[in-house]
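# Chains, contacts and geometry: an overview
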Amino acid sequence: MTMSLPSSLIATALLAASHGAVAAPMSLDDYLALHGPAPTTRIAYGAAPSQYAQLFRPEGSGPFPVVVLVHGGCWTVAFGGITQMRNVAGALVAQGIAVWNVEYRRVDEAGGGYPGTYDDMHAALDSLQQHALQYQLDTSRIVAMGHSAGGQLVQWIAGREKLPRTSPLYRDKFLPVKNILSLGGLADLRHEKDLIKSSCERDMVQLAGSASNDRPDIYSDTNAADLMPNGSRTVLATGELDTISPPRVAHDYAAKAKLAGDHAEVLILPGASHYDEIAATSPAWRMILPVIKQMLGMAAQ
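Residues numbered from 1 in each chain as written. Predicted model: local features only at pLDDT ≥ 70, side-chain atom pairs only at ≥ 80, totals over all residues. Heavy atoms only, no water.

## Quick word on the overall build of the protein chain
A count of helices and strands for the protein chain gives nine helices and eight strands. On C-alpha atoms alone, the protein chain measures out to a radius of gyration of 18 Å, which is about the 19 Å that the 2.2 N^0.38 rule sets for 301 residues. Summarising its shape, the C-alpha atoms of the protein chain cover approximately 55 × 40 × 40 Å along the three principal directions. Buried positions account for 56% of the 301 residues belonging to the protein chain. (Helix = DSSP H or I, 4+ residues; strand = E, 2+ residues; numbered from the N terminus. Rg over C-alpha atoms; globule rule 2.2 N^0.38 Å. Buried < 20%, exposed > 50% of the residue type's maximum accessible area, 1.4 Å probe, protein only.)

## Quick look at the state of the cysteines
Structurally, a disulfide amounts to a covalent bond that connects the sulfur atoms of two cysteines. Scanning the entire structure with this criterion turns up one disulfide. In this model cysteine 74 forms its disulfide with cysteine 200; the gap between the sulfur atoms is 2.1 Å. Looking along the S-S bond of the cysteine 74-cysteine 200 disulfide, the torsion reads about -65°, which is the left-handed sense. Here cysteine 200 lies in helix H6 (residues 193-200) and cysteine 74 lies in the loop between strand S3 (64-70) and helix H3 (86-93), a separation of 126 residues in the sequence. (Disulfide = S-S within 2.5 Å.)

## Remarks on the pattern of salt bridges
Under the definition given, this model contains 14 salt bridges. Residue glutamate 103 is joined to arginine 106 by a salt bridge in which the shortest nitrogen-to-oxygen separation is 3.3 Å. Note on accessibility: glutamate 103 and arginine 106 belong to one class, buried. A salt bridge links aspartate 120 to arginine 105; its shortest N-O distance comes to 2.8 Å. Of this pair, aspartate 120 sits in helix H4 (residues 116-135) while arginine 105 is found in the loop between strand S4 (98-102) and H4, placing the two residues 15 residues apart along the sequence. Take aspartate 120: its relative accessible area is 1%, and that puts it in the buried class. Within the structure, one salt-bridge network assembled from shared partners comprises Glu103, Arg106 and Glu109. (Salt bridge = Lys/Arg side-chain N within 4 Å of Asp/Glu carboxyl O.)

## Quick notes on the packing of aromatic side chains
Applying the stated rule across the entire model yields three aromatic pairs. Through pairs of rings, three or more aromatic residues link up here, namely Tyr114, Tyr118 and Trp156. In this arrangement the basic side chain of arginine 42 is found over the ring face of tyrosine 52, its NZ or CZ atom lying 3.7 Å from the centre. Positioned above the aromatic ring of tyrosine 114 is the side chain of arginine 215, whose terminal nitrogen or guanidinium carbon lies 3.8 Å from the ring centre. (Phe/Tyr/Trp six-rings, centres within 6.5 Å; stacked < 30°, edge-to-face > 60°. Lys NZ or Arg CZ within 6 Å of the ring centre and 35° of its normal.)

## A word on the environment of arginine 171
Its location among the elements puts arginine 171 in the loop between helix H5 (149-158) and strand S6 (179-183). With relative accessibility at 27%, the residue arginine 171 sits in the partly exposed group. Along the chain, arginine 171 and arginine 160 lie eleven residues apart, while their C-alpha atoms are 7.9 Å from each other.

## Thoughts on unusual backbone geometry
Following glycine 62, the chain continues into proline 63 via a peptide bond in cis, with omega recorded as 0°. Relative to the helices and strands, proline 63 is located in the loop between strand S2 (52-56) and S3. Cis geometry is adopted by the peptide bond preceding proline 115, which originates at tyrosine 114 and carries an omega value of 0°. Note that proline 115 resides in the loop between S4 and H4. Here tryptophan 75, not a glycine, exhibits a phi torsion of approximately 60°, which is positive. For tryptophan 75, the location among the structural elements is in the loop between S3 and H3. The phi dihedral of serine 148 falls on the positive side, at around 60°, and the residue is not glycine. By the secondary structure assignment, serine 148 is in the loop between strand S5 (137-147) and H5.

## Some remarks on the pairing of strand S8 (residues 263-269)
With five of its seven residues buried, S8 lies for the most part within the structure. Here strand S7 (residues 233-239) pairs with S8 via seven bridges, running parallel. For glycine 239, the partnering residue across the bridge sits in S8 and is leucine 269. As for the winding sense of the linkage, the β-α-β connection from S7 through helix H8 (residues 247-260) to S8 is right-handed. (Pairing = 2+ DSSP bridges. Right-handed = clockwise from strand over helix to strand, strands pointing away.)

## With respect to the sheet that holds strand S1 (residues 41-44)
Spatially, the eight strands line up as an open sheet ordered S1-S2-S4-S3-S5-S6-S7-S8, and their pairing is mixed. Looking at which strands have only one partner, the edges of the open sheet turn out to be S1 and S8. Each strand of the sheet is rotated relative to its neighbour by a mean of 20°, with strand direction disregarded. Where S3 and S5 come together, six bridges link them in parallel fashion. Looking at S5, one finds that valine 66 is bridged to isoleucine 142. The sheet strands contacting H5 are S3, S5, S6 and S7, and the helix crosses S5 at an angle near 140°. The strands touched by H8 within the sheet are S7 and S8, with S8 carrying the most contacts at an inclination of about 165°. (Axes fitted to C-alpha atoms, helices over the stretch in contact; angles between N-to-C directions. Contact = heavy atoms within 4.5 Å.)

Functional significance is not addressed by these values, which are geometric in nature.
Written out as structure tokens, the structure reads:
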């Protein structure tokens, strides 16, 4: 379900950030060193080595709200991934929130890129739905949170109902996820292709495939900004000092979403880099956690 965020939420997040010491912005090396607790279990959703999710489940009987966590890394295996996400997974479990930490095939893995990476998002969410009863997961209360490349993927997840029926990615049944938190995401493939190339050295053929007679527009089923309106509420949180996905990207996407009729808000994280966005040890987390809890319908504490 889509929870309505109060108009004061972003102001509250900014107030939370104003308390406490200012830390130096995190570097890539700091990000790669992130770690957290072991998952409750590991669940394969396909046969490939990267087709699995890690479930982090709180103690107790549930049912538990769920954060679907999708890592970034410029869509490549070179810059970490699911292991680093354990740091925020542990922080969320401590709040009574279950985490479905998704691994997926990236562009430099067999079967990754288009359409495989998107197929993996479908399959990972199907697996979550299949295992929800067993692990007491409340699939009516879900936030999909992605960082960087993962931000692009969770923003795409929100628009799956708008996929063309002619697309290889089209599904007639799927688990809807309408609460989206994108941390430094680069979701508008059509309009940010130059930035994606300079920031991540990715070509659009890797992320969106090649044009064909049946699919003349490669962005028609891959570009989140083309899959609106879709009834989602998206919060785009970006570090003030993010140079990979600068604040301008978040503001541009939010403007397009609002123009299309969807809900979108921008949260700029003061003094934060691209890597502070996904670190529970960063001051930025004090701003991000209240957003997650509000989206899940949990009382802010």
